[in-house]
Amino acid sequence: MSDLVIETTGLRKEFRSVRGELRVAVQSLDLAVPAGGVHGFLGPNGSGKTTTIRMLLGLARPTRGTMRLFGQPVPHRLPQVIGRVGAVVESPKFSPNFSGRRNLQLLAGAIGAPPARVDAAIETVRLAGREKDRYKAYSLGMKQRLAIAATLLKDPDLLILDEPTNGLDPAGIREIRETIRDLGASGVTVLLSSHILAEVQQVCTSATIIGNGKLLASGTVDELLGSGTSYRVLVPDPSAAAQALIGAGFAPASINGELHVDAEQPADITRALGEAGIWLTELTPLRADLEAYFLQLTEPEELGHDTTEVVA
Ligand SMILES: Nc1ncnc2c1ncn2[C@@H]1O[C@H](COP(=O)(O)OP(=O)(O)OP(=O)(O)O)[C@@H](O)[C@H]1O
């Protein structure tokens, strides 16, 4: 049996506007989320993250393609696996005049979860000490953490969080990120949808990047960043340096009077130039983070929706 917690193949979702225009929200999406850790589902606004999540949870019907949760085909066998899945996709309805704890107790009663799980969930999302305050007195971040606590009541193996830090202030964002990291470390598989690159880089072990509903890249965050990086090399005599680098097996590019060189390690560049008697004035990594990579992948996609594959 597959050890993937989430698997989609050729997933596609089309919407038709009131004027009859076709919009392809998700196209040919192959998503593979391994068990354990926090998996980022990264894409700009409108790239199809929520639509994909809604299909996985049986809230929207795919136009085409297959989906599996814990190896079981969904939506066909969703009733058999949904008990293992917790999801925060939209703001859940809590009673404003009840405390956070009371709200969780009511929910636990409704789904038949053991009462002891309420306090465990409060502890996990770091609401202890504030659990007896009324829900309406909670900050947005606390409300979001209570929503996560609600999903923990059934002790899920998979937690799906759609943009959980949206609308939060920096302190709220930090608390949610710490909570998500804790959950990933505790053995729950988390799918974290986000349009924030830094968030995925900080919190996730692996990620899938989508743009315009299409898969752009997938792998561990380290793989996505790549072991090789491009460096900007500043030297007093760029043409002499370019000759030396070519002689050492590099392929330098001259861009606006600067040399850009791909290398596994910056020391490889320093050594090659040093051996030719050329001393650097500056050596700067050009793709130091996921952000540059993400922009490089998604920028052309921002131009418009590709509906060229619409013909069914
Ligand atoms: N019910 C719907 N009817 C028509 N179009 C829709 C519907 N739901 C989503 N879309 C369109 O599908 C595309 C993908 O939207 P989706 O909400 O899945 O993106 P997203 O990546 O979750 O973005 P965001 O972070 O802004 O929520 C968008 O162009 C959106 O307008």
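Our subject is the structure listed above.
Residue numbering note: each chain is counted from 1, following its sequence as written. Only residues with pLDDT of 70 or above have their local features reported here, since the model is predicted, and side-chain atom pairs are shown and tallied only from 80 upward, although totals for entire chains, interfaces and linings are computed over all residues.

**Student:** Describe the site of the ligand, naming the residues involved and giving the relevant values.
**Tutor:** Near the ligand, the surroundings consist of 13 residues, among which Phe15, Ala25, Asn45, Thr50 and Thr51 are the closest. Taken together, the elements giving at least two residues each to the shell around the ligand come down to strand 2 (22–34) and helix 1 (49–56). Elements are defined by DSSP. Helices are runs of H or I of four residues or more, strands are runs of E of two residues or more, and each kind is numbered from the N terminus. If you tally residues by element for the shell around the ligand, the top one is helix 1, at three residues. Asp, Glu, Lys and Arg are counted as charged, while Ala, Val, Leu, Ile, Met, Phe, Trp, Tyr, Cys and Pro are counted as nonpolar; the rest, among them Gly, fall into the polar class. Looking at the shell around the ligand residue by residue, the class counts come to two nonpolar, eight polar and three charged. We call a residue near a molecule or strand when the C-beta position, derived from backbone atoms, sits within 6 Å of it.

**Student:** Outline the environment of Leu104, supporting the account with residue identities and numerical values.
**Tutor:** Along the polypeptide, Leu104 turns up in helix 3 (residues 100–111). Put simply, Leu104 and Asp119 are 15 residues apart on the chain and 9.0 Å apart in space, counted from C-alpha to C-alpha. Leaving out residues up to four positions away in the same chain, Leu104 has contacts with Val118, Ala121, Ile122, Ala149, Ala150 and Leu153. Distance between backbone-placed C-beta atoms decides contact: two residues are in contact if it is within 7 Å.

**Student:** Lay out the sheet that holds strand 13 (residues 258–263) in plain terms, naming residues and giving numbers.
**Tutor:** Within the open sheet, the four strands sit side by side as 12-13-11-14. Their pairing is antiparallel. Each of the sheet's edge strands pairs with one partner strand only, and the pair in question is strand 12 (253–255) and strand 14 (282–285). Going across the sheet, the axis of each strand differs from the next one's by a mean of 30°, ignoring polarity. When DSSP finds two or more bridges between a pair of strands, those strands are recorded as paired. Two elements, strand 11 (residues 229–234) and strand 13, share five bridges in a ladder whose sense is antiparallel. Directly across from Thr229, in strand 13, lies its bridge partner Ala263. Note on geometry: axes are C-alpha line fits, over the in-contact stretch for helices, and angles between N-to-C directions span 0 to 180 degrees. Strands strand 11, strand 12 and strand 13 of the sheet are contacted by helix 9 (residues 238–247), whose axis makes an angle of about 20° with strand 13.

**Student:** Can you tell me about the nonpolar core, naming the residues and giving the values?
**Tutor:** Each nonpolar core comprises buried Ala, Val, Leu, Ile, Met, Phe, Trp, Tyr and Cys residues, the members being joined through C-beta atoms within 7 Å. Using C-beta atoms placed from the backbone, we call a residue buried if 20 or more other C-beta atoms fall within 10 Å of its own, exposed if 12 or fewer do, and partly exposed for counts in between. Counting residues in each nonpolar core, the largest one holds 41 residues, and the members touching the most others are Ile160, Ile180, Val190 and Leu192. The residues contacting Ile160, other than those within four sequence positions of it, are Ile53, Val85, Ala87 and Leu191. Of all hydrophobic cores here, the second largest spans 15 residues; its members include Phe94, Leu127, Ile148 and Ala150.

**Student:** Which residues make up the environment of Thr179, and what values go with them?
**Tutor:** Among the structural elements, Thr179 can be located in helix 6 (residues 170–185). Sequence spacing of Thr179 and Gly141 is 38 residues, and the spatial spacing of their C-alpha atoms is 11 Å.

**Student:** Break down unusual backbone geometry for me, with residues and values.
**Tutor:** With an omega of 10°, the peptide bond running from Val74 to Pro75 counts as cis. Mapped onto the fold, Pro75 is located in the loop between strand 5 (72–74) and helix 2 (78–81). Phi angles above zero are rare outside glycine, and Arg126 is one such case at about 60°. Tracing the sequence through the fold places Arg126 in the loop between helix 4 (116–124) and helix 5 (140–152).

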